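# A closer look at the structure
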Amino acid sequence: MAKIKRRGQAGQAKNYLTRTQAVKKLQLSLPDFRKLCIWKGIYPREPRNKKKVSKSATASTTFYYTKDIQYLLHEPLLQKFREQKVLEKKISRALGRGDVTDAARFERSAARPDKTGKPRYTLHHVIRERYPTFVDALRDLDDCLSMLFLFANLPSTSAVPAKMIARCERLCLEFEHYLIVSHGLRKSFLSIKGIYYQANIQGEDILWLVPYKFNQRIVGDVDFRIMGTFVEFYMTLLGFVNYRLYTSIGLKYPPKFDQLKDDQGAELGAFALEGVNIATDGAKAAAGDDAEHGPDPMLQAAVDKLVRQLKEEPGVESEVAVDAEEMPSDALDKFEPVAPGGDVLPQPSHSSSDPAELFAGMTFFLSRETPRQPLEFILRAFGCKRIGWDSVLGEGSFTTDESDPAITHQIVDRPVVQAAMSSEGDGEDNQTSQKVDLNQRYPGRVYVQPQWVWDCVNDDELKSSELYAPGAPLPPHLSPFVKTAHGQYDPTLPLEVQETEAETLDADLAEVDEAEGDEVENGMDVESGNDDSEEEAAAELSEEEEDEEDEEDEEEPATLQRQRELEAEIAGKAVASKTVDAKTKAKLEARKALEKKTREEAEDLERAKGMLSKKKRKLFEQMQYTNNKKSAEDMKLRSKRRKMEKELAKKA
């Protein structure tokens with residue numbers, strides 16, 4: 001007799017559990033269940049058919065894999081959560097009985113983080129499970145750094161405790177110190193949301209976002225309990241990563257931290273890095289190993305005899321020479337397209353610039369209106385050893401004296417301000433902390449705006465300081481993470497190179513129309529003395545129009561002629577005759593030919609689409625829609641740039 005199948009014991013109903021069922025099975029509260037799922041990397045799943053899984057399921061029902069919940073049953077953190085739940089019950093019962101002494105005793109022995117600073121549990125085993133190798137941890141470091149840098153800039157509230165903020169800030173500064181020592185920072189970009197950084201650590205590119213140092217407002221529509229769970233996990237992860245990175249370059253972890261300097265705003269200057277004496281320890285260990293486990297004397301003698309025989313043989317040198325000829329050279333391969341007109345691949349090249357030498361040998365002074373923290377981090381990561389700033393920006397500077405003769409570059413971010421002159425002729429600028437004369441510049445010092453630092457880093461070269469002088473219009477700051485595709489709008493190239501033939505013709509004809517419109521307006525401003533002469537002139541013009549009507553239709557498009565007629569009718573004037581020069585006539589003919597060619601290509605394309613199947617035709621139409629949308633965006637950008645260039649040309 002066949003076994004009777006019961007509902008919920010086979011198929012999709014067995015593979016999925018609702019969130020309520022999972023919470024009951026684990027005997028946890030909903031907040032603890034959320035924490036456990038976030039830390040263990042378990043996410044809700046969407047079954048193909050909810051009705052087959054559960055007939056009572058609605059659109060908002062959350063499902064999990066049954067295997068994932070079975071996996072959570074063996075989690076050591078479950079016992080910690082249950083112990084905490086038991087403790088809370090004991091405290092509530094004692095308070096219900098009115099026994100405050102027992103409740104206080106239970107609370108003192110609870111080892112709460114907000115009371116004693118000791119954690120109830122650790123996530124070390126979770127980090128080891130989720131990231132078996134160090135490369136896996138590096139690949140998941142983007143979100144970790146973005147979240148921790150965000151919380152490091154938040155104000156302390158009841159939802160975001162001060163200890164969490166201090167811990168996040170310290171971990172982030174330790175990570176920045178590693179990038180400074182290893183020179184792993186590669187790119188940076190100033191955006192509206194914040195500052196993007198990209199670093200290369202052991203071959204892995206890591207990109208994260210750091211918010212600006214503004215006063216942050218804590219809004220009520222953000223659930224900081226969920227975010228705090230992620231932050232708790234990410235703090236443990238970054239602690240593991242920092243330890244591995246520091247030990248890999250021979251530094252002690254954690255570095256020495258001066259709380260007094262940190263309270264004075266030193267930030268990076270509050271840490272003192274110490275190296276580990278790896279060479280001495282390694283030599284001692286090697287000496288001990290040799291003493292305990294020395295080589296066999298007979299075996300060593302046989303090896304020495306064989307080496308002497310190989311050196312005495314005459315054919316060994318010739319073989320070595322042949323091997324040297326067969327060794328590969330250091331020349332790099334060149335990637336060439338197989339077919340003409342193919343994609344141009346980026347060619348490999350030796351690194352011509354060392355990040356550690358970009359700002360080496362320079363001494364910078366940061367004016368107090370500049371963002372000190374990102375500038376200090378970038379300058380130190382690219383080789384600068386001496387950075388000074390105003391004393392109001394915090395401790396840890398090389399110098400606080402703006403007139404120090406050792407300063408080679410000064411970064412300012414204020415326009416040239418005309419100081420108010422007193423009756424005695426003394427000028428004073430209230431925007432500077434140092435008493436400097438009006439627009440005074442120290443000889444031998446380069447003055448630049450902050451964008452100069454970012455552009456130098458992204459281009460791997462020192463840019464011309466004249467383009468970034470104080471008060472000068474800055475060049476466009478482009479993202480180094482965006483690769484310009486073929487045919488896409490590129491702000492670095494001139495407009496003539498990127499314009500299509502149709503756009504060039506339309507722009508030229510628009511300029512001709514503007515010039516003619518100005519001439520017509522100037523002619524309309526002149527009024528004659530009597531009405532009879534106006535009527536006679538209008539009659540003569542109308543007769544001339546009738547004689548030359550056929551010629552005008554051939555020389556200019558009907559749309560332009562109609563526009564002139566409407567403008568003349570509104571103004572109460574007669575349509576003035578117009579003669580088209582040879583260049584304009586040639587451009588009009590070229591545009592007509594181009595429009596005809598475009599129509600023919602569109603007709604050919606429609607005929608070709610008719611030969612496709614319905615599925616392929618829909619796919620092709622989607623591709624066309626996407627390409628046309630991108631082309632329209634590029635055309636809009638080129639049109640905007642064309643207008644700006646015209647306005648600048650008029651002003652000049």
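Residues numbered from 1 in each chain as written. Predicted model: local features only at pLDDT ≥ 70, side-chain atom pairs only at ≥ 80, totals over all residues. Heavy atoms only, no water.

## Focus: the overall build of the protein chain
Of the regular secondary structure elements, the protein chain holds 26 helices and 13 strands. Here the protein chain, with 652 residues, has 31% of them falling under the buried criterion. For the protein chain, the computed accessible surface area is about 43,300 Å², with 52% contributed by carbon and sulfur atoms. (Helix = DSSP H or I, 4+ residues; strand = E, 2+ residues; numbered from the N terminus. Buried < 20%, exposed > 50% of the residue type's maximum accessible area, 1.4 Å probe, protein only. Areas by Shrake-Rupley, 256 points an atom, 1.4 Å probe, with all protein chains shown as cover.)

## Some remarks on the sheet that holds strand E9 (residues 386-389)
Here 4 strands make up an open sheet; going across it, the order is E9-E8-E10-E13 and the pairing parallel. A strand with exactly one partner marks an edge of an open sheet, and here the two such strands are E9 and strand E13 (446-448). Averaged over all adjacent pairs, the angle separating strand axes in this sheet is 20°, with direction ignored. As paired elements, strand E10 (residues 409-411) and E13 share 3 bridges and run parallel to each other. Within E13, the position partnered with His-409 by the bridge is Val-446. Running over the sheet, helix H18 (residues 372-381) touches strand E8 (363-366), E9 and E10 and is turned about 165° from E9. (Pairing = 2+ DSSP bridges. Axes fitted to C-alpha atoms, helices over the stretch in contact; angles between N-to-C directions. Contact = heavy atoms within 4.5 Å.)

## Quick notes on the side chain of Thr-66
Its place among the elements puts Thr-66 in helix H5 (residues 66-72). Setting aside residues up to four positions removed in sequence, Thr-66 forms contacts with Lys-14, Asn-15, Tyr-16 and Leu-17.

## Overview of unusual backbone geometry
With omega at 0°, the peptide bond leading from Tyr-253 into Pro-254 counts as cis. Within the element layout of this structure, Pro-254 appears in the loop between helix H13 (224-248) and strand E6 (256-257). Positioned with a positive phi, Gln-202 is a non-glycine residue whose angle comes to about 50°. Note on placement: Gln-202 falls in the loop between strand E4 (195-201) and strand E5 (204-210). Given the relative accessible area of 48%, Gln-202 is considered partly exposed.

## Topic: the packing of aromatic side chains
For the structure shown, the criterion picks out 21 aromatic pairs. Geometrically, the ring pair formed by Phe-149 and Trp-208 is stacked, given 6.4 Å between the ring centres and 20° between the ring planes. Of this pair, Phe-149 sits in helix H11 (residues 141-152) while Trp-208 sits in strand E5, and the two are 59 residues apart along the sequence. Residue classification places Trp-208 among the buried residues on the basis of a relative accessible area of 1%. Seen in terms of ring centroids, Tyr-212 and Phe-214 are 5.8 Å apart; in terms of plane orientation they differ by 35°. Their pairing is tilted. Exposure remark for Phe-214: the relative accessible area of 60% places this residue in the exposed category. (Phe/Tyr/Trp six-rings, centres within 6.5 Å; stacked < 30°, edge-to-face > 60°.)

## Observations concerning the packing of helix H2 (residues 19-26) against helix H3 (residues 30-40)
One way to put it is that H2 packs onto H3 with a least axis distance of 10 Å and a crossing angle of 95°. Between H2 and H3, the angle is such that the two are roughly perpendicular. On H3, the residues touching Arg-19, Ala-22, Val-23 and Leu-26 of H2 are Leu-30, Phe-33 and Arg-34. Classifying every residue of the contact of H2 with H3 by side-chain character gives 5 nonpolar, no polar and 2 charged. (Parallel < 35°, antiparallel > 145°, perpendicular 65-115°, else oblique. Nonpolar A, V, L, I, M, F, W, Y, C, P; charged D, E, K, R; others polar.)

## Focus on the pairing of E4
Across the 7 residues of E4, 6 count as buried, placing the element largely inside the fold. In terms of strand pairing, strand E3 (residues 185-190) meets E4 through 5 bridges, oriented antiparallel. Of the residues in E4, the one forming a bridge with Leu-190 is Ile-195. As consecutive antiparallel partners, E3 and E4 are separated by 4 residues.

## A word on helix H12 (residues 162-182)
Its 21 residues place the ends of H12 31 Å apart at the C-alpha level, agreeing with the 30 Å of an ideal helix rising 1.5 Å per residue. Just downstream of H12 lies His-183, where phi reads positive at about 55°. (Expected span 1.5 Å × (residues − 1).)

## A closer look at a positive patch on the surface
Together, Lys-85, Lys-89, Arg-93 and Arg-97 line one region of the surface with positive charge. Here Lys-85 lies in helix H6 (residues 77-97). (Patch = residues over 30% accessible without salt bridge, like charges linked within 9 Å, V, L, I, M, F, W, Y side chains within 5 Å. Salt bridge = Lys/Arg side-chain N within 4 Å of Asp/Glu carboxyl O. Lys, Arg positive; Asp, Glu negative; His and termini not counted. Charge placed at Lys NZ, Arg CZ, Asp CG, Glu CD.)

## Side note on the sheet that holds E3
In a beta sheet, neighbouring strands are held together by backbone hydrogen bonds and run either parallel or antiparallel to one another. The strand order E3-E4-E5 describes an open sheet built from 3 strands, whose pairing is antiparallel. Whereas interior strands pair on both sides, the edge strands pair on one side only; in this sheet they are E3 and E5. Ignoring which end each strand starts from, the neighbouring axes of this sheet average 15° apart. Across the sheet, helix H19 (residues 451-459) lies against E3 and E4, angled at about 135° from E3, the strand it touches most.

## So, a nonpolar patch on the surface
Together, Val-181, Ile-249 and Leu-273 make up an exposed nonpolar region whose accessible area comes to about 190 Å². When you line up the elements, Leu-273 lands in the loop between strand E7 (271-272) and helix H15 (278-292).

## Quick notes on the nonpolar core
Judged by nonpolar contacts, the single largest core of 88 residues is most densely connected at Trp-208 and Phe-359. When residues no more than four places from it in sequence are discounted, the contact partners of Phe-359 are Phe-364, Leu-379, Phe-382, Gly-383, Cys-384, Trp-452, Val-453, Cys-456, Val-457 and Leu-462. Counting residues in hydrophobic clusters, the runner-up holds 5 residues, among them Leu-87, Ile-91, Ala-103 and Phe-106. (Core = buried A, V, L, I, M, F, W, Y, C linked by side-chain atoms within 4.5 Å.)

## With respect to the side chain of Thr-236
Residue placement: Thr-236 occurs in helix H13. A polar side-chain atom of Thr-236 sits 3.2 Å from the main-chain carbonyl oxygen of Glu-232. Apart from residues lying up to four places away in sequence, Thr-236 is in contact with Leu-123, His-124 and Ile-127. (Polar contact = N/O pair within 3.5 Å; in protein donor to acceptor, adjacent residues only side chain to side chain.)

## Quick look at the pattern of salt bridges
What the rule picks out here adds up to 20 salt bridges. Between Glu-645 and Arg-641 there is a salt bridge; the shortest N-O distance is 3.2 Å. Here Arg-641 and Glu-645 lie together in helix H26 (residues 614-651), a separation of 4 residues that amounts to about one turn. Three or more residues joined by partner-sharing salt bridges are found here, namely Lys-40, Glu-75 and Glu-129.

## Comments concerning the environment of Ala-507
Here Ala-507 lies in helix H21 (residues 501-524). Its relative accessible area of 13% is what places Ala-507 among the buried residues. For Ala-507 and Arg-642, which are 135 residues apart along the polypeptide, the C-alpha to C-alpha distance reads 8.8 Å.

## Comments concerning the confidence of the model for the protein chain
Residues at a pLDDT of 70 or more form 75% of the protein chain, whose mean pLDDT is 79. Residue range residues 278-293 is modelled with pLDDT below 50. Its contacts to residues more than four positions away, or to other chains, number 2 contacts. Contacts for the low-pLDDT stretch residues 418-423, under 50 throughout, to residues beyond four places or in other chains number 11 contacts. (pLDDT = per-residue confidence, 0-100.)

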